[in-house]
Amino acid sequence: MDTIINYADPVQDGYSAVDSNPLSVYVMHPFWNFVVKFLPTWLAPNLITFTGFMFLVLNFLMLAFYDCDFTASAAGHEHVPSWVWVAAGFFNFLAYTLDGVDGKQARRTNSSTPLGELFDHGLDSWACIFFVATVYSIFGRGESGVGVATLYYILWVVLFSFILSHWEKYNTGILFLPWGYDISQVTISLVYLVTAVVGVETWYQPILWSFLYRDLFTFMIIACSFTVTVPMSLYNVLKGHRSNTLKHSNLYEAFLPFLSPVLLFVLSTIWVVFSPSNILELQPRIFYLMVGTAFANVTCKLIVCQMSNTRCQALSWLLVPMTPVVLSAVTGVVANELLLLYLWTAAVILAHIHYGVSVVQQLSNHFSILAFSLKKPNSD
């Protein structure tokens, strides 16, 4: 197996994070401290993390079955059954809870490792697409819903908000957890349950004059990003610059982690704008999945770099074959654009899974641990 992690600088054993969100500090952390006491001490933290992630995947697949093209919530269409929204709310909150208790279980069992950090944040980066796509089904793409192109750009706001926190850690050595995460998880879990009770028709109604719930949904995501997440990230990095504590004082090196995400945005947006068959209207769910998975792959490589104290690579190799794929699509070289999207999405998913498995195996071997067990390798 090729070496993915460079051990020239030791992988960090310490994990430095700051969580100052009042909801998290005063409500969720006490709740998670209560929940973790009921978990058996033999239960591996990474297994908790993976289980929570799979609940989000389950939500995505469940809504894909009942609302594949995001039209089920529109007037005149067969709506998603109420029990699905109840299940979605329960699974989403369960995933959020497991994501909160995995680290506490690691400290409780004295099993904190860099593998756990990568596993947690790596799966969180992939979870962005599953979370956003599932929420989209509440409003859908109908007359009172959100257009697929608008949702595409909203997805990118969420993705860039996520990577900002890891860009901070890459430069400061400290992960400042975003405030919007906890608020959004609790809110959306409740919205799923409310939708089950009142029906999607409730979201057709304007809140005030012609201001619809879909407008509130869009406004909250964008406002949270540009008034909270971005300013706080810039403040923390500038604070480190003033105190001379940044790990990368050179401006180019400091902003290098943004190169691949920006190129991914440019490539995917070119496909959206110049698609001969209007691919985003044709199959938005698969296109979102492709973009979200490619983004997760780029982010995971950044997380590995910050863990191993190595330089972030300028270009993610996944973007190299994506360039001719996009050019083939927009120029009409490949006649069946939808088939091309399916094949490329499958390739991206397989490549990301292969990368994740390879990194987990290398870290497990390096630290002589098992990914999903607290037992030592070769022990009974």
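Under an unreviewed UniProt entry, the protein chain has the name Ethanolaminephosphotransferase 1 and belongs to Cyclopterus lumpus. Comment text from UniProt for the protein chain, heading Sequence similarities (unreviewed entry), reads "Belongs to the CDP-alcohol phosphatidyltransferase class-I family." According to the UniProt record, the Subcellular location (unreviewed entry) comment for the protein chain is "Endoplasmic reticulum membrane".

Draft legend 1. Spotlight on the packing of helix α9 (residues 259–274) against helix α11 (residues 284–308). It is the contact of α9 with α11, at a shortest axis distance of 10 Å, that shows an interaxial angle of 165 degrees. Taken together, the axes of α9 and α11 are roughly antiparallel relative to one another. By crossing handedness, the relation of α9 to α11 is classed as right-handed. Facing S260, P261, L264, S268, W271 and V272 of α9, the residues of α11 in contact are F287, M290, V291, A294, F295 and V298. Its residues assigned to classes, the contact of α9 with α11 comprises 10 nonpolar, two polar and no charged.

Draft legend 2. Focus on the pattern of salt bridges. Under the defined criterion, the tally for this structure stands at four salt bridges. For R311, the salt bridge is made with E253, and the minimal N-O distance between the two is 3.0 Å. Of this pair, R311 sits in the loop between α11 and α12 (319–331) while E253 is found in helix α8 (residues 251–255), placing the two residues 58 residues apart along the sequence. Its relative accessible area of 19% is what places E253 among the buried residues.

Draft legend 3. How the structure looks around helix α7 (residues 213–242). Over its 30 residues, α7 extends 42 Å from the first C-alpha to the last, a length consistent with the 44 Å expected when each residue adds 1.5 Å. Along α7, the sharpest kink reaches roughly 35 degrees, centred on S225. For α7, the full list of buried residues reads F217, T218, A223, S225, T229, S233, N236, V237 and G240. Buried residues in α7 make contact with α4 (114–139), α5 (148–172) and β2 (175–176).

Draft legend 4. Spotlight on a nonpolar patch on the surface. Together, Y153, V262, V266, I270, V273 and F274 give the surface a local cluster of nonpolar side chains, amounting to about 500 Å² of exposed area. For the nonpolar patch, the element with the most residues is α9, which contributes five residues. Checked against the element boundaries, V262 lands in helix α9. A relative accessible area of 37% means that V262 is categorised as partly exposed.

Draft legend 5. Fine view of the environment of D67. Within the element layout of this structure, D67 appears in the loop between α2 (45–66) and α3 (82–108). A C-alpha to C-alpha distance of 30 Å links D67 and W179, two positions 112 residues apart in sequence. Ignoring sequence-local partners within four residues, the contact set of D67 consists of A72, V80, S137 and R285. Looking at D67, its side chain comes within polar contact range of the main-chain nitrogen of A72, at 2.9 Å.

Draft legend 6. View of the packing of aromatic side chains. For the structure on display, the rule yields 32 aromatic pairs. Centre to centre, the rings of F31 and F93 are 6.0 Å apart; their planes meet at 40 degrees, and the pair counts as tilted. In this pair, F31 is assigned in helix α1 (residues 22–36) and F93 in helix α3, connecting sequence segments 62 residues apart. Relative to F265, the ring of W156 lies with its centre 5.3 Å away and its plane at 85 degrees, an arrangement referred to as edge-to-face. With W156 in helix α5 and F265 in helix α9, this residue pair connects regions lying 109 residues apart in the sequence.

Draft legend 7. Layout of the nonpolar core. Ranked by size, the top nonpolar core spans 105 residues in total, and within it F130, W271, F287, Y288 and M290 carry the most contacts. Ignoring any residue separated from it by four or fewer positions in sequence, one finds F287 in contact with Y152, S268, W271, V272, I279, L280 and L341.

Calculation rules
- Residues numbered from 1 in each chain as written.
- Predicted model: local features only at pLDDT ≥ 70, side-chain atom pairs only at ≥ 80, totals over all residues.
- Heavy atoms only, no water.
- UniProt positions renumbered as here; feature names shortened; annotations may be inferred.
- Axes fitted to C-alpha atoms, helices over the stretch in contact; angles between N-to-C directions.
- Helix = DSSP H or I, 4+ residues; strand = E, 2+ residues; numbered from the N terminus.
- Parallel < 35°, antiparallel > 145°, perpendicular 65-115°, else oblique.
- Left-handed = near helix turned anticlockwise from the far one by under 90°.
- Contact = heavy atoms within 4.5 Å.
- Nonpolar A, V, L, I, M, F, W, Y, C, P; charged D, E, K, R; others polar.
- Salt bridge = Lys/Arg side-chain N within 4 Å of Asp/Glu carboxyl O.
- Buried < 20%, exposed > 50% of the residue type's maximum accessible area, 1.4 Å probe, protein only.
- Expected span 1.5 Å × (residues − 1).
- Bend = angle between axes of the 7 residues up to and from the residue.
- Patch = residues over 30% accessible without salt bridge, like charges linked within 9 Å, V, L, I, M, F, W, Y side chains within 5 Å.
- Areas by Shrake-Rupley, 256 points an atom, 1.4 Å probe, with all protein chains shown as cover.
- Polar contact = N/O pair within 3.5 Å; in protein donor to acceptor, adjacent residues only side chain to side chain.
- Phe/Tyr/Trp six-rings, centres within 6.5 Å; stacked < 30°, edge-to-face > 60°.
- Core = buried A, V, L, I, M, F, W, Y, C linked by side-chain atoms within 4.5 Å.

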